[in-house]
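# Overview (structure and organization)
This is what each chain is made of:
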Amino acid sequence: MNIISYPERSEWPELLTRPVQDSSAIEAKVLPILDLVKTKGDEGLRELAKKFDGIDLNEFAFSQEEFDTAEDQLDETLKAAIRQAYQNIHTFHKAQLQSVEKIETMPGVTCWRRSVGIEKVGIYIPGGTAPLFSTVLMLGIPAQLAGCKEVVLCTPSNHPAILFAAKLVGVTSAFRIGGAQAIAAMAYGTESVPKVYKIFGPGNQYVTTAKMLISKEGIAIDMPAGPSEVAVYADDTAVASFVAADLLSQAEHGADSQVLLVSTSEKFLAEVNDELTLQLEQLPRRDLAFQSITNSKAILVNSAYEAIDILNDYAAEHLILSVEDAELVAEKIFNAGSIFLGNYTPESCGDYASGTNHTLPTNGYARAFSGVSVDSFVKKITVQHITEIGIRNIGPTVEAMAEAESLDAHKRAVSIRLKSLL
Ligand SMILES: NC(=O)c1ccc[n+]([C@@H]2O[C@H](COP(=O)([O-])OP(=O)(O)OC[C@H]3O[C@@H](n4cnc5c(N)ncnc54)[C@H](O)[C@@H]3O)[C@@H](O)[C@H]2O)c1
Ligand SMILES: N[C@H](CO)Cc1c[nH]c[nH+]1
Ligand SMILES: [Zn+2]
């Protein structure tokens, strides 16, 4: 990693940018894909599966037989691990369900809010470079808890663990479709794939761009979740080999992933660099991880204040605080997708099984977006009931405001009722 010593504040913006992607070039590739699926439906999907995934498909839906055999194809240890992860993620997300409370804002005027699961949702499960079956749990469990009636899954991978997890979370249909074409299929609907109202899930640049484009056509999306990233803030209490392992855990997602290390200790940064070289050698995905580590930076800072400032500026998807009093430091962080405290909280645990969601805002979007939660799968519908006493109480307020806005019909809707009560 390139170690940068005590950068001036004016240098931060350039230092903290993610690898820049030419978004117009990617859009130019994605737009024809969206168009092909929109105009040719399943036939378009077949062409694209051949072109980008090298497969000839007649049917896109995974069959009942594929679901049934998936369970037999997995070993017991992995099935037990997936079930354990399911339990933890379910427990954490269940606590997010909100109870309905009626609020009387003034006598006779009662307002409340109902949470209603979005009827039809689509979940994209990445599978180009790795079959991310953990993402099935991360999206399927909150959808299940929210009470979504139709959960459509698309993935380019036919890994049995994806189907096993899909069955656990109760998806209603699952298709072997990847990339931008999967997003288009769920957005527009095809002969095989149902159209949904909101699309969730991370993916590569084509998937993310497709989500951004279809969101302009009235289909909701969770957030732009692009290449995974992690920032680590470490002091002398951190363990260099642990920190190197954490950095590599996100670097191995893809060459476009970026990791960031911030420390007040020059010695520690050098130790991590040595560890990175050692550990990289042992990774099967060392080429991807190497490229992403080469794009990444280690920043030597003067103080904890400077470190916290930099981290808030960067707004990492994942932030590991391997420092003394990590919980206190965490309170000073206001831009991050998910925070991991201390030496024994590797980010991998959040990726798979501790309970929190791993679908998180990347590329600085953590400044304004949250990660996926049960809330992402529900709409909040407000309800109100005003009694005769209530309309007497609130009526004059509304009449005065409507008159001042010159909206006479609004005023009359109240006045007509008040008169009826005279
Ligand atoms: N932010 C998060 O929460 C989060 C979580 C998990 C994974 N991720 C990220 O998801 C990404 C997964 O990417 P992936 O590539 O492994 O899988 P993917 O499933 O996102 O994409 C694979 C698909 O891309 C399409 N494709 C490939 N080359 C193409 C081309 N030249 N033109 C058009 N389409 C093409 C193919 O149809 C293929 O099926 C990684 O970048 C990873 O970091 C992010
Ligand atoms: N780190 C990814 C989210 O940014 C999620 C993931 C899935 N599997 C492993 N990791
Ligand atoms: Zn990961």
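As the structure is a prediction and not an experimental result, all values here were calculated from the model.

Next up on the list: the confidence of the model for the protein. Confidence along the protein averages 95 in pLDDT terms, with 100% of residues attaining 70 or more. If you check the scores for this complex, the pTM reads 0.94 and the ipTM reads 0.96.

Another aspect to go through is the sheet that holds strand β8 (residues 220-221). Pairing is parallel in the open sheet, where five strands are placed in the order β6-β5-β4-β7-β8. Both edges of this open sheet fall to β6 (173-176) and β8, since each of them pairs with a single strand only. In terms of strand pairing, strand β7 (residues 198-200) meets β8 through two bridges, oriented parallel. Note that in β8 the partner of Ile199 across the bridge is Ile221. Against the sheet, helix α5 (residues 133-146) contacts β4 (120-124), β5 (150-155) and β7, and its axis sits at roughly 170 degrees relative to β4.

Right, let's get into the packing of helix α4 (residues 76-94) against α5. Orientation of α4 relative to α5, taken along the N-to-C sense of each, is 40 degrees, at an axis distance of 10 Å. Judged on the interaxial angle alone, α5 and α4 are oblique. Crossing handedness for the pair α4 and α5: right-handed. Side by side, α4 and α5 meet where Leu78, Ile82, Ala85, Tyr86, Ile89, His90, His93 and Lys94 of the first sit next to Phe133, Leu137, Met138, Ile141, Pro142, Gln144 and Leu145 of the second.

As a further point, take the site of ligand 1. Around ligand 1, a shell composed of 28 residues is seen, among which Asp53, Tyr124, Gly127, Thr129 and Asn204 lie nearest. In this structure, Tyr206 approaches ligand 1 through a side-chain N or O atom, which is 3.2 Å from a nitrogen atom. Contact between ligand 1 and His358: an oxygen atom at 2.9 Å from a main-chain N or O atom of the residue. Contact with the protein chains covers 88% of the free accessible surface of ligand 1, which is 880 Å². Those elements giving two or more residues to the shell around ligand 1 turn out to be α2 (23-53), α7 (179-188) and α8 (205-215). Partitioning the shell around ligand 1 into residue classes produces 12 nonpolar, 14 polar and two charged. Each of domain 1 (2-19 + 227-355) and domain 2 (23-225) accounts for three or more of the residues forming the shell around ligand 1.

Lining the immediate surroundings of ligand 2 are Leu132, Ser134, Ser228, Gln250, His253, Glu317, His318, Asp351, Tyr352 and His358. Within the side chain of His253, an N or O atom sits 3.1 Å from a nitrogen atom of ligand 2. Between ligand 2 and Asp351, the relevant distance is 2.9 Å, taken from a nitrogen atom to a side-chain nitrogen or oxygen of the residue. Bound to the protein, ligand 2 loses 93% of the 290 Å² it would expose on its own. Breaking the shell around ligand 2 down by element, the ones donating at least two residues are β12 (316-322) and α14 (347-352). Broken down by class, the residue content of the shell around ligand 2 amounts to two nonpolar, six polar and two charged.

Within the first shell, the zinc ion (ligand 3) binds the protein through His253 (NE2) and Asp351 (OD), at distances of 2.1 Å. In this structure, the zinc ion (ligand 3) is surrounded by four donor atoms whose angles at the metal cover 87 to 179 degrees, and the resulting shape is irregular. Linking His253 in the loop between α9 (240-251) and β10 (258-263) with Asp351 in helix α14, this pair joins segments that are 98 residues apart in sequence. The exposure class assigned to His253 is partly exposed, which follows from its relative accessible area of 29%.

Let us now look at the pattern of salt bridges. Summed over all chains, the structure comprises 12 salt bridges. Between Lys40 and Glu47 there is a salt bridge whose closest N-O contact spans 2.6 Å. Since its relative accessible area comes to 35%, Glu47 is described here as partly exposed. The partner of Lys411 in a salt bridge is Glu403, and the shortest N-O contact between them spans 2.8 Å. With relative accessibility at 24%, the residue Lys411 sits in the partly exposed group. Using a relative accessible area of 49% as the deciding quantity, one classes Glu403 as partly exposed. Linked by salt bridges that have partners in common, Lys40, Glu43 and Glu47 make up one network.

Calculation criteria
Residues numbered from 1 in each chain as written. Chains lettered and ligands numbered in written order. Predicted model: local features only at pLDDT ≥ 70, side-chain atom pairs only at ≥ 80, totals over all residues. Heavy atoms only, no water. pLDDT = per-residue confidence, 0-100. Pairing = 2+ DSSP bridges. Helix = DSSP H or I, 4+ residues; strand = E, 2+ residues; numbered from the N terminus. Contact = heavy atoms within 4.5 Å. Axes fitted to C-alpha atoms, helices over the stretch in contact; angles between N-to-C directions. Parallel < 35°, antiparallel > 145°, perpendicular 65-115°, else oblique. Left-handed = near helix turned anticlockwise from the far one by under 90°. Near = heavy atom within 4 Å. Polar contact = N/O pair within 3.5 Å; in protein donor to acceptor, adjacent residues only side chain to side chain. Areas by Shrake-Rupley, 256 points an atom, 1.4 Å probe, with all protein chains shown as cover. Nonpolar A, V, L, I, M, F, W, Y, C, P; charged D, E, K, R; others polar. Domains from an automatic or database assignment. Donors = N, O, S within 2.8 Å, 3.2 Å for Na, K, Ca; no water. Tetrahedral: all angles 85-135°; square planar, octahedral: opposite > 155°, others 65-115°. Buried < 20%, exposed > 50% of the residue type's maximum accessible area, 1.4 Å probe, protein only. Salt bridge = Lys/Arg side-chain N within 4 Å of Asp/Glu carboxyl O.

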